[in-house]
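This is what each chain is made of:
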Amino acid sequence: MKSHGFVWMSTRAVVALAVPFALAVTACSAQLEDARGAHLRGEYDQAIRIYARALENDSLDAAAWRDYGRALMDVGRYADAVTALQSAPSRMQPEIANTLGEAMRALGRLEEARVAFAAAERGADSLSARLNRAIMQLDAGDKAGAFRTFDQFIDVYNGASRGRLSSNELMAVATAVEHLGETDPELFKDALRAYDEAIAADPNNDEARLRLARLFLGKYNGSDAQQTIGEVLRRNPRQPDALLALGKAKEFEGSSEAAEHVRKALEVNPNLVSAHIFLTRGALIAEDFGLARERAERAVQLNPASLEALTMLATVQFLSGEREAYDQTERRILQLNPRYADLYTTLAELSVQTRQYPRAVELMQKAVALDSTSWRAHGTLGINLLRLGRIEDGRKHIEIAFRGDPYNVWLKNTLDLLDSMNRYVTTERGRFIIVADPREAPVLEPYITELASEAYDALSKRYKTQLDGKVRVELFNSHADFSVRTVGLAGLGALGASFGNLLTMDSPAAREVGQFNWGSTFWHELAHAFHLHLTSHKVPRWLTEGLATYEERRAKAGWGDDLNPGFLAAWKAKKLHPVSKLNNGFVRPEYPQQIGFSYYQASLVAEMIEQEYGFDTILQMLRGYRDGQTNEQVMRSVLEVEPEAFDKKFEAYIEQRFATQLAAVDGGEGKGDGRNSGSLADALGTAADLIREQEYDQAIPLLERAKQQFPEYAGPGGPYRLLAQIYLERGDRQKAAAELEKHTTINETDYEANIQLAELWSQLGNTAGAAAALERAMFIYPLQPQPHARLAELYSQLGDKSKVLRERKAIIGLQPADRAEAYYQLARAHYELGQNAEARRELLRALEAAPNYEKAQSLLLELRGSGR
Amino acid sequence: MKNVIGNTAASEVTHAAVKPRWCRRFAAAAIGAMMVTASAVSAQQPNLIVVTGVAGEPQYTKRFHQWATGLIDAMKLPATKVHYLAEKPETTARRATGKSTRDEVAAVIRTVAAKSQDPILLVLIGHGSGEGEPRFNLVGPDLTATELNRMLDAIGDRRVAVINAASASGAFLEPLSAPGRIIVTATRSGLERNETIFAQHLVEAFQAGDADKDGRISLLEAFNYARSEVDRWYREQNRLVTEHAMLEDNGDGKGSMEPDGRTDGAIARTFYLAGAAAVTATTDPRLRTLYAEKQALEEKIETLKSMKAGMEEAVYERELEKLLIDLSLKNQEIRKLEGGR
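Described in the following lines is the structure provided in the data block. (Residues numbered from 1 in each chain as written. Chains lettered and ligands numbered in written order. Predicted model: local features only at pLDDT ≥ 70, side-chain atom pairs only at ≥ 80, totals over all residues. Heavy atoms only, no water.)

Let's shift gears to the packing of helix 23 (residues 409-421) of chain A against helix 25 (residues 479-487) of chain A. Residues and elements named next belong to chain A. Two numbers describe how helix 23 lies on helix 25: the axes approach to 9 Å, and their chain directions differ by 120°. In this view, helix 23 runs oblique relative to helix 25, as classed from their interaxial angle. Helix 25 is crossed by helix 23, and the crossing has left-handed handedness. Contacts between helix 23 and helix 25 involve W410, N413, T414, L417, S420 and M421 on the former and, on the latter, D481, V484, R485 and V487. In the contact of helix 23 with helix 25, the residues fall into five nonpolar, three polar and two charged. (Axes fitted to C-alpha atoms, helices over the stretch in contact; angles between N-to-C directions. Helix = DSSP H or I, 4+ residues; strand = E, 2+ residues; numbered from the N terminus. Parallel < 35°, antiparallel > 145°, perpendicular 65-115°, else oblique. Left-handed = near helix turned anticlockwise from the far one by under 90°. Contact = heavy atoms within 4.5 Å. Nonpolar A, V, L, I, M, F, W, Y, C, P; charged D, E, K, R; others polar.)

Residue and element names in this part refer to chain B. One pass over the full model with this rule turns up six cavities of 30 Å³ or more. The computed volume of the largest cavity comes to approximately 70 Å³. Lining the largest cavity, in full, are T52, G53, A55, T61, F64, H65, Y84, A86, E87, K88, T91 and T92. Counting only elements with at least two residues in the lining of the largest cavity, the list comes to helix 2 (58-75) and strand 2 (82-86). Looking at the lining of the largest cavity, its residues break down into four nonpolar, six polar and two charged. (1 Å grid on protein atoms, 1.4 Å probe; cavity = no way out; pocket = protein on both sides within 12 Å on 5 of 7 lines; lining within 4 Å. Points joined across faces, edges and corners; volume = space filled by probe spheres on them.)

Below, the discussion takes up the packing of aromatic side chains. All chains considered together, the criterion is met by 29 aromatic pairs over all chains. An angle of 85° between the planes, with centres 6.1 Å apart, marks the rings of A:Y751 and A:Y781 as edge-to-face. Separated by 30 residues along the polypeptide, A:Y751 in helix 39 (residues 751-763) and A:Y781 in the loop between helix 40 (767-778) and helix 41 (785-798) bring together distant segments of the chain. Residue classification places A:Y751 among the buried positions, given a relative accessible area of 4%. Site record: aromatic cluster; members linked through ring pairs are A:F432, A:Y456, A:Y463, A:F522, A:F530 and A:F615. We note A:K556 situated over the ring of A:W559; from NZ or CZ to the ring centre the distance is 5.6 Å. Above the face of the B:Y272 ring, B:R216 is positioned so that its terminal group lies 3.9 Å from the ring centre. (Phe/Tyr/Trp six-rings, centres within 6.5 Å; stacked < 30°, edge-to-face > 60°. Buried < 20%, exposed > 50% of the residue type's maximum accessible area, 1.4 Å probe, protein only. Lys NZ or Arg CZ within 6 Å of the ring centre and 35° of its normal.)

On to the interface of chain B and chain A, then. Facing the 31 residues of chain B at the interface are 32 residues of chain A. Together chain B and chain A conceal approximately 2600 Å² of surface at their shared face, both sides included; 50% is due to carbon and sulfur atoms. Looking at the side of chain B facing chain A, the largest losses of area belong to B:K213, B:R232 and B:E236, adding up to 23% of the total buried there. Two residues, A:E848 and B:K308, come together in a salt bridge whose shortest N-O distance is 3.0 Å. Here chain B and chain A share eleven residue pairs in polar contact (both at pLDDT 80 or more) between them. Here the side of chain B that touches chain A takes 13 residues from helix 9 (residues 313-337) of chain B, the largest share from any one element. (Buried area = accessible area lost by both parts, 1.4 Å probe. Salt bridge = Lys/Arg side-chain N within 4 Å of Asp/Glu carboxyl O. Polar contact = N/O pair within 3.5 Å; in protein donor to acceptor, adjacent residues only side chain to side chain.)

The next point concerns the sheet that holds strand 9 (residues 182-185) of chain B. Remark on secondary structure: sheet strands pair via backbone hydrogen bonds, oriented parallel or antiparallel. Residues and elements named next belong to chain B. Strands sit in the order 3-2-1-4-8-9-11 across an open sheet of seven strands; the sheet is mixed. Since the sheet does not close on itself, it has two edges, and those belong to strand 3 (98-99) and strand 11 (246-248), each with one partner. Bridge count for strand 2 against strand 3 is two bridges, and the pairing is parallel. Each bridged residue has a counterpart across the sheet, and for A86 the counterpart in strand 3 is K99. (Pairing = 2+ DSSP bridges.)

What follows concerns the pattern of salt bridges. Residues and elements named next belong to chain A. Applying the stated criterion to the full structure yields 86 salt bridges over all chains. For K219, the salt bridge is made with D405, and the minimal N-O distance between the two is 3.4 Å. Placement of the pair is K219 in the loop between helix 11 (206-218) and helix 12 (222-235) and D405 in the loop between helix 22 (391-404) and helix 23, with a sequence separation of 186 residues. D405 carries the same exposure label as K219, and that label is buried. Across the pair R511 and D506 runs a salt bridge whose closest N-O atoms are separated by 2.7 Å.

A separate point is the pairing of strand 5 (residues 502-506) of chain A. Residues and elements named next belong to chain A. When you tally the buried positions in strand 5, you get five out of five residues, the bulk of the element. Of the two faces of strand 5, the one lined by L502, T504 and D506 and the one lined by L503 and M505 are each fully buried. The pairing of strand 3 (residues 471-476) with strand 5 spans five bridges and is classified as parallel. Its bridge partner lying in strand 5, F476 is registered against D506. Bridging between strand 4 (residues 496-498) and strand 5 involves three bridges; their strand directions are antiparallel. By the bridge assignment, S498 is partnered in strand 5 with L503. Hairpin connection of strand 4 to strand 5: three residues between the antiparallel strands, including G500 at a positive phi of 115°.

All names here are of chain A. When you line up the elements, T414 lands in helix 23. Within the structure, T414 has its side chain in polar contact with the backbone oxygen of W410 (distance 2.8 Å). With residues up to four places along the chain from it excluded, the contact list for T414 reads I383, L386, I398, V484 and G488.

All names here are of chain A. Between the first and last C-alpha of helix 17 (residues 307-319) there are 18 Å, a value that for 13 residues agrees with the 18 Å anticipated at 1.5 Å per step. Buried residues dominate helix 17, accounting for twelve of its 13 residues. Within the span of helix 17, buried status applies to L307, A309, L310, T311, M312, L313, A314, T315, V316, Q317, F318 and L319. Remark: G321 follows helix 17 within two positions and exhibits a positive phi of approximately 80°. (Expected span 1.5 Å × (residues − 1).)

So, on to the packing of helix 26 (residues 518-534) of chain A against helix 27 (residues 541-555) of chain A. Residues and elements named next belong to chain A. Contact geometry for helix 26 and helix 27: axes closest at 8 Å, N-to-C directions at 135°. When the axes of helix 26 and helix 27 are compared, the pair comes out oblique. The handedness of the crossing between helix 26 and helix 27 comes out as right-handed. Together, S520, W523, H524, A527, H528 and H531 of helix 26 and T544, E545, L547, A548, T549, E551, E552 and A555 of helix 27 make up the contact between the two elements.

Residue and element names in this part refer to chain A. Tracing the backbone shows S87 in the loop between helix 4 (78-86) and helix 5 (93-106). Under the relative-accessibility criterion, S87 is labelled exposed at 52%. In sequence terms S87 and D288 are 201 residues apart; their C-alpha atoms lie 43 Å from each other. A polar contact of 2.5 Å, which involves the side chain of S87, links it to the backbone oxygen of A84.

This part is about the sheet that holds strand 7 (residues 143-144) of chain B. Residue and element names in this part refer to chain B. Strands sit in the order 5-6-7 across an open sheet of three strands; the sheet is antiparallel. A strand with exactly one partner marks an edge of an open sheet, and here the two such strands are strand 5 (128-129) and strand 7. In terms of strand pairing, strand 6 (residues 135-136) meets strand 7 through two bridges, oriented antiparallel. Note that in strand 7 the partner of R135 across the bridge is T144.

With that settled, the discussion passes to the nonpolar core. All names here are of chain A. F432, Y463, F522, L526, L622, F646 and F650 are the most contacted members of the largest nonpolar core, which has 203 residues in total. Residue contributions to this core peak at eleven residues, all from helix 24 (residues 441-463). The residues contacting F522, other than those within four sequence positions of it, are F432, I448, L451, A452, A455, V473, L503 and M505. With 90 residues, the next largest nonpolar core counts A174, A191, A194 and V262 among its residues. (Core = buried A, V, L, I, M, F, W, Y, C linked by side-chain atoms within 4.5 Å.)

See the structure below:
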């Protein structure tokens, strides 16, 4: 173990830390063995009974008293533990005082706990008691004092040259050193080793395992955390702290199972304050402020001195807009610990969960002012400054945090990303700042500038507002980079994110062709910016996602999610949330597809509200949220309906609007051999088989019927695509084109279909149709030169000179092999627009590559002849 | 006759290998001295020997054959100048002229070399291995780099270009390197063992690879096109790039990924795969004068380009424009005299 230059000792030494008490009176051994066995297996009630009986027979077994106390605490009977331990013979007290102190601390009886820990320093548990006192010092804000005590544990370890440290003593050393890791990150490794030694010394020391698991989680190492927790749960599947730790580990990996494990913990220990705190967090993230308040108040009731519980209560009050109540709770917390920066850090982190990034920055600045060595505060501040587009300020704080905590994966990833973003190109165009990889920027910039302008004008008009300041758009050609930028870790499932005036998203190069539509993604994220702006970032997740998805559908034909059989199947199976609980579909999905379904469902809600109440009603709703109203309050005051009634209204809307499609998903009549089945899936499957057998005359009616049943379906194996295939086989290009046109105006990601359609329309002389198809393709994947060249030709035929220029610029951006031709064409496009200076410049580039290029030479002479 | 590094053809003054380090006053003399030899070379159509090796699976058999015939069709050579050795000639619809065995390869090289002094282009399409002795997989014994080098050495001084488009082909670079010989490999070393797509894009170069717009595709142009399109393909597919094509023609055994004519590329620039050579021989004294003036302008342009890095952009553009306008007018005059070609 190292500190002050000490060398890690490879052999453990026994340390006589306190005067050992020679009061080892044993209770009935067999009974105690039974009790401990039951305790280890999680049979707490039985263990408690046996302990009680054994101690009646022999009250001078200190270990038995401690174990009895712990068993009671494990099921949340803290008060009973205090009573029981206080009833032990007085000469037992020093030996059991540490356990007594822990029970008192759990009840918030801090002074009494301090006294108990002080008394315990004369007993066998002296090291643990000393640790507990130091932790109480830390919780009271005396960091320097606490750290001085923690420091002594290193000496304890290194000085233990004879005998051995017990498992509990090693665990105490590990915890002390773990705290010291804040000042010297290398000590985390020593803490890890000490925990391992504690476990090796006593494989039944589950508390050591749990503390180790929490250390792993604190460093974002979910897999080692889960492995360690698993070791505890294998022997005792009811261990409440282990179940809580598992819930936290599952939350870390984004699993929907997290809350379930924590609820199981509460079944065993209904007074487990940390569990209530965890569930409060979950309720806040789900924006269920009522449930969050309930949980937070329960936690505070159980332990009125718990800083974490009070912080949760303060957060609920803060996010609910209860200023006075918040101020009171804030004062209470700061009385307990004047340097408790975690209040503001937690508040900020949960504000971020509800998209209140500017507020999070203000809070983090308070945290850092209160405790400049809070690496968590610096890190969170830095990350959120980045979300406001304040890159340099953000980097500064992240670097401070990383110096203090170099094992924080989030910070490291973010700093690495910032380094790689140094080579990104930043372009300002009107209201937008576009940041992209230098290889893509020349191609994307003309498109995104046009789209951004169109989207901004449309949304500004619709939402009757302007955004403050410029909008920064960052496009990442690596999904991992986008993920790190957005949440600090790789693996985010989203395509884009909006933090207000900062939008981050995958660029087309980040994904395989056809995986997403970057144009609609951009529109979606910009819509969020308007919702956040209008509501001062208080819009609930379900509504902003619903509106943003709906705005995509309104923006361009085919954009945005469409009705699909999977959604309706989930609807019929009642696997979708009612509107009043729709937020859960986003923040606590019960199965992976539920998130995607929730987006579409929310968009239907938005659509229904506009249809039935008008869009101004939606604006009113947004104002309601801005003013601090909850979902229920907004529904009552604006829609004039109770939440449950609105749920039913939406159900009726879906049933009526999609009656035909619901029947098609159902199966209709006759399952027979599939050829007579009424189900969409059967029809499409059968049609595909018939096409393979070239039985086109039989396939066509099936596909036509499928279109009638489910006109919105243009997904894999959909009727439009299959019909197009048949008509192409038969040489009927017109019909094939008609089917593909329908397909591509529903399906926003089918790149190949758009390319094929463009070719068909060209052959049929429909230049505008061909151009429209290629234009759609560009919003899926704009990084191939040939479609741009073709589109340029089409726009030239259509006389749209600006678009010709846009395409010629895009080709240059793609660094074509034939530079001379590309620059020549660009020069000509400029020339057609009367931009002779630009034309000249590009011509020189063309002729530089190919000085004898006849066409370019002719244009040069023409330019010269025209006097410029 | 193997040319020394830096030789250029008269008609290629457009692409003259005026190395930046040469003093300008020597450039014209050097180029002029090489006019006759290089023009003779450039006017010669190469003999094409395409070898498709052991495919292993039907999909590769089909693919290799497509690339081989694509290349043959694109080069538009007389049948007498084309030799196509395939793993299974009977499946090639009579396109193949023999079986791709080591002995057959050797025999064809000898035969072709014996017939004329025309350049030889040898293209290997298939699978290779860079472990131990670098080899190209053939029916029967494989063709090693050492053996191929011996075969090429045996045919004496002539312009030879070898394109090894197989996996792990980079290992052939060093053993085959020789003064005046052009080596192109699909990979940069024998460690890049994955299947390659270089040959596919090499074929496509004939459609879109004429970078200098002189109506001909040089090996350098084809290489640059194929390399750049290979790179694009991997980016579009979101895959790690597992092949990095190389070109070596200055005899130092080290190829270049981006030959610029200074390290590698000078000879490849004048090795033509397709297209008609510009007419430069004439009895018309006016045309002779114009050709010479045109050549001088092209040299000036190349010299100016070589000085670009040290010039202010506006000054460079002004100078360049002036020369380009003069060249354009000169070309107009030439076309008029040539009869409106």
